[in-house]
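A closer look at the structure
Here's the letter readout for the chains.
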Amino acid sequence: MRSVAPRPFRIVVPNDVLDDLRERLARTRWPDEIPGSGWRHGSNLAFMRRLVEHWRDGFDWRAQEAKLNAFDQFRVAIDGIDLHFVHQRGIGPDPLPLLLVHGWPGSVWEFHELIPRLTDPGSFGGDPADAFTVVAPSLPGFTLSFEPQQRRLGIGAIADLFATLLTDVLGYPRFAGQGGDWGAYVVARLAHAHAERLHGIHLNFLPLRPELPLPDEPTHERLAYEAELRHWQSEESGYSAIQGTKPQTLAYGLTDSPSGLAAWIVEKLHTWTDNGGDLERSIGLDSLLTNVTLYWSTGAINSSFWPYYAARHDGWPLPHERIETPTAFASFPRETRHPPRSLAEQAFDIRRWTVMPRGGHFAALEEPALLAEDVAAFFRSLREAPASGKREQRRA
């Protein structure tokens, strides 16, 4: 792949884009709702009315923009993709390069509280020896790594692109990886296709092949996992089927209507976070809207669907053989699925398995302190004894 030098970057959404957004929000045409249905059939009407009102009249995008611009951000052209990424240097004696990869419907905003804990652990009561230098790209086709009509990339091509970014562009011959959702797939693919570059990988979602055989014994973990799979297929996979088959049709409505875009994204955050029925208990309105505004202002929702289409039509993006790179898994209670460790070990060299006390699918947004602690602990063990075969299981 051909690349050029990174260019410093700051997010500056034009005023006319924000003015147009507010005008569109004021003209929202609301659907009806079955009385008393809450979130059962999708995004709740009362919540959406309040969210849109706040987006229109109370949300300060410039303040959120400034938080993102506090990070060192760049763009670099690699193989036809103008890739956006945060490159935040660690504060410590020997920071370890760490690739952080988000998923859908996320963005680098997910990491705004996690990155400081990883790059400067001493400021949070940790050991500066655990510091990382963080590289957090926007996935190609997502928000700040999107331009209209750019080519679409599946998981394998994204992993290759990130390998080029880390090693050929930034000069890190070896690095660590961390990801959830599609980020877990990308990091796992890197651990397979570019194993010589990875110290290890830390996942908060396990991308397991559907055909992996379940354990014969009917353990509690196996039975619970089977129930999760049944529920997922019957009640939660509709969005994936649409985005993986006819994404263009859906994109018209979500690209034209900010309220529709917000409803499509927010429903996933409500369903997949550890919120006890109150989404704001996990993620505040301003944080929700920062992520949605990144999608709206860049017009990137259509291209962000592509990994679903590619996975459905190009085949499973991960290898059939076991990935031998040292792997840690942080299991958050409101993650969408919780496979047994014995199943995960068929696909990964699991060295650490942490059962978290709280949190869900968007771990970096929901529980940045817990996630940072687990990431630091896992890679501390690799820094101290990189050839160790020791396995850990713990509760945070």
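One structure accompanies this document, and this report is about it.

Conventions we followed
- Residues numbered from 1 in each chain as written.
- Predicted model: local features only at pLDDT ≥ 70, side-chain atom pairs only at ≥ 80, totals over all residues.
- Heavy atoms only, no water.
- Core = buried A, V, L, I, M, F, W, Y, C linked by side-chain atoms within 4.5 Å.
- Buried < 20%, exposed > 50% of the residue type's maximum accessible area, 1.4 Å probe, protein only.
- Helix = DSSP H or I, 4+ residues; strand = E, 2+ residues; numbered from the N terminus.
- Contact = heavy atoms within 4.5 Å.
- Axes fitted to C-alpha atoms, helices over the stretch in contact; angles between N-to-C directions.
- Parallel < 35°, antiparallel > 145°, perpendicular 65-115°, else oblique.
- Left-handed = near helix turned anticlockwise from the far one by under 90°.
- Nonpolar A, V, L, I, M, F, W, Y, C, P; charged D, E, K, R; others polar.
- Polar contact = N/O pair within 3.5 Å; in protein donor to acceptor, adjacent residues only side chain to side chain.
- Phe/Tyr/Trp six-rings, centres within 6.5 Å; stacked < 30°, edge-to-face > 60°.
- Lys NZ or Arg CZ within 6 Å of the ring centre and 35° of its normal.
- Pairing = 2+ DSSP bridges.

If you look at the biggest cluster of nonpolar residues, it comprises 91 residues, and the most contacted ones within it are F47, W104, F162, L165, V186 and F348. It is helix α5 (residues 155–169) that contributes the most residues to this core, nine residues altogether. Excluding residues that lie within four positions of it along the chain, V186 makes contacts with V101, L139, I155, I158, A159 and F162. Grouped together as the second largest cluster of nonpolar side chains are 27 residues, L100, A176, A328 and A364 included.

Attention now goes to the packing of helix α8 (residues 238–245) against helix α10 (residues 258–272). At a minimum axis separation of 12 Å, α8 and α10 run at an interaxial angle of 140°. Our classification of the angle between α8 and α10 gives oblique. Seen from above, α8 lies across α10 with left-handed handedness. Counted together, Y239, I242 and Q243 of α8 and W264, K268 and W272 of α10 form the full contact between these two elements. Here the contact of α8 with α10 is built from residues that sort into four nonpolar, one polar and one charged.

Our focus in this paragraph is the side chain of T325. Checked against the element boundaries, T325 lands in strand β8 (residues 323–331). By relative accessible area, T325 is classed as buried at 6%. Reaching out from T325, the side chain makes a polar contact with the backbone oxygen of A191 at a distance of 3.1 Å. Contacts of T325, omitting those with residues within four sequence positions, involve A191, A195, L198, G200, I201 and D349.

Each aromatic ring pair is summarised here by two numbers: the centre-to-centre distance and the angle between the ring planes. Enumeration over the complete set of coordinates arrives at 19 aromatic pairs. Their ring planes at 55° and their centres at 5.2 Å tell us that W39 and F47 sit as a pair that is tilted. Each member of the pair, W39 as well as F47, is classed as buried. Here the aromatic residues W104, W182, Y185, F205, W232, Y239, W272, F305, Y308, W316 and F362 are joined through ring pairs into a cluster of three or more. The ring of W232 carries R337 above its face, with NZ or CZ at 4.3 Å from the centroid.

Quick look at the pairing of strand β5 (residues 132–137) now. Among the six residues in β5, six count as buried, and that is most of the element. Burial of the side chains of β5 extends over both faces: F132, V134 and A136 are buried on one face and T133, V135 and P137 on the other. Pairing analysis gives four bridges linking strand β3 (residues 81–88) to β5, with the strands arranged antiparallel. Paired with Q88 across the strands is V134, a residue of β5. As judged from the four bridges shared by strand β4 (residues 96–101) and β5, these two strands associate in the parallel manner.

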